[in-house]
Every structure is written in structure tokens, then in C-alpha cells.
Amino acid sequence: SLPTSVAVAAGPPIRLGQSAVVDGPRVRPMKVVEDSRCPMNARCVWAGRIVVRTRVSGGHWSKTIDLTLGKPEPVADGRITLSAVTPDRIAGERLYPRRLRFTYEFEGGL
């Protein structure tokens, strides 16, 4: 079981260029580096991935990290995760990055 001091907090869905506080750190998605997610209406051998260049900042620090959906990265005293990206891709339709919404989670007290 997890120690009681570990808390996971999720921020609101935000778009490119917006910022939100996720239980301490502030996150700001800057750019979609890769979006090879399998379209929801297609069959793929590989699920693909989405990578989002994100500015993460705290009181006296900030860094830019390329975050892959579902993969935690260490920051400050915890881990930041790009936990959701909506909408899904649809085969045959162009998905403009500005339509995407990104949700981040911070797991603190590690």
C-alpha cells in the first residue's frame, strides 16, 4: 500500500498556451511534439503515443519537459504526469493541436 503522505492531484483540462496549477507546480502545455495515437475508429498494431512539450514551474524553479501521455516524470518533490488528452484521434480527420485539451496530475510527497 502507498504511504499516506503521497497525494495525487489532477488539474483542469487546458489547451496549448494555457496554464494551470496542479497541487503546487504550474503546468503550461507549449507544443505537441508527437501525436501518433491510434485513431479511435481504427485498428492499430501499436497504440501510439502523444508527447507534449510542457513548462513546469514552482516557487523558484522552472523547466521544460517533453511529457509522454501516462509516463510520470520527476519534478521537485514529486512526479508530474500528462494523464489525459482529449479528443481522441479519428481516422481521416485532421486534428488541430489547438483543439486538444491536456490534463496533468502531480503526485507529491515522494
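Now for a look at the structure at hand. Bear in mind the structure is a predicted one, so any value in this text is a computation, not a measurement. (Residues numbered from 1 in each chain as written. Predicted model: local features only at pLDDT ≥ 70, side-chain atom pairs only at ≥ 80, totals over all residues. Heavy atoms only, no water.)

**Examining the overall build of the chain**
Selection criterion: Here a strand is any run of E in DSSP of at least two residues, a helix any run of H or I of at least four, and the numbering for each starts at the N terminus. Here the radius of gyration uses the C-alpha set of atoms, whereas the globule reference equals 2.2 Å times the residue count to the power 0.38. The buried label applies to any residue whose accessible area, calculated with a 1.4 Å probe on protein chains only, is under 20% of its type's maximum; exposed applies above 50%, and partly exposed to all values in between. The contact criterion used is simple: two residues touch if any of their non-hydrogen atoms lie within 4.5 Å. Here, Shrake-Rupley sampling with a 1.4 Å probe gives the accessible areas, and only protein chains in the shown set may cover a residue. We treat Lys and Arg as the positive residues and Asp and Glu as the negative residues; His and chain ends play no part in the count. By convention, charge coordinates are those of NZ in Lys, CZ in Arg, CG in Asp, or CD in Glu.
In terms of regular secondary structure, the chain is built from zero helices and eight strands. Against the compact-globule benchmark of 13 Å for 110 residues, the chain has a radius of gyration of 15 Å, which places it among compact chains. By principal-axis analysis of the C-alpha atoms, the chain measures approximately 45 × 35 × 20 Å. Of all 110 residues assigned to the chain, the portion counted as buried reaches 30%. If you take every contact in the chain between residues at least 6 apart in sequence, the share linking residues at least 24 apart comes to 47%. When the accessible surface of the chain is split by element, carbon and sulfur atoms take 50% of a total near 6,800 Å². Counting 17 positive and 10 negative side-chain charges, the chain places the averaged centre of each group 8 Å from the other.

**Digging into the sheet that holds strand β4 (residues 50–57)**
Short version of the rule: Here the rule is simple: two strands pair whenever DSSP picks up at least two bridges between them.
Strand order in this open sheet of four strands is β2-β3-β4-β5, and the pairing throughout is antiparallel. Single-partner strands in this sheet number two, and they are β2 (20–21) and β5 (62–68). Two elements, β2 and strand β3 (residues 26–35), share two bridges in a ladder whose sense is antiparallel. Within β3, the position partnered with A20 by the bridge is V27.

**Overview of the pattern of salt bridges**
Note the following rule: For this document, the term salt bridge refers to a Lys or Arg side-chain nitrogen within 4 Å of an Asp or Glu carboxyl oxygen.
Across all of its chains, the model carries four salt bridges by this definition. A salt bridge links E34 to R49, with the shortest nitrogen-to-oxygen separation between them at 2.9 Å. Note that E34 is positioned in strand β3 and R49 in the loop between β3 and β4, a separation of 15 residues in sequence. Judged by its relative accessible area of 36%, R49 is partly exposed. For R37, the salt bridge goes to D35, with nearest N and O atoms at 2.8 Å. For R37, a relative accessible area of 10% corresponds to the buried category.

**Considering the state of the cysteines**
Simply put, disulfide is the name for a covalent bond between the sulfur atoms of two cysteines. Short version of the rule: Disulfides are defined as pairs of cysteine sulfur atoms found within 2.5 Å of each other.
Applying the stated criterion across every chain yields a total of one disulfide. Residue pairing for C38: its cysteine sulfur links by disulfide to C44, the two sulfurs lying 2.0 Å apart. The S-S bond linking C38 to C44 shows a torsion near 85°; that makes this disulfide right-handed. Take C44: its relative accessible area is 40%, and that puts it in the partly exposed class.

**A short note on the nonpolar core**
The test is simple: Side-chain atoms within 4.5 Å link the members of a nonpolar core, which is a set of buried Ala, Val, Leu, Ile, Met, Phe, Trp, Tyr and Cys residues.
In terms of nonpolar packing, the biggest core is built from 18 residues, with V27, I80, L82, F102 and Y104 touching the most fellow members. Every element with two or more residues in this core is listed here: β3, β4, β5, β7 (78–86) and β8 (101–108). The residues touching F102, leaving out its near neighbours within four places in the chain, are P12, P13, I14, R15, L16, P29, V32, V52, L82, A84 and V85.

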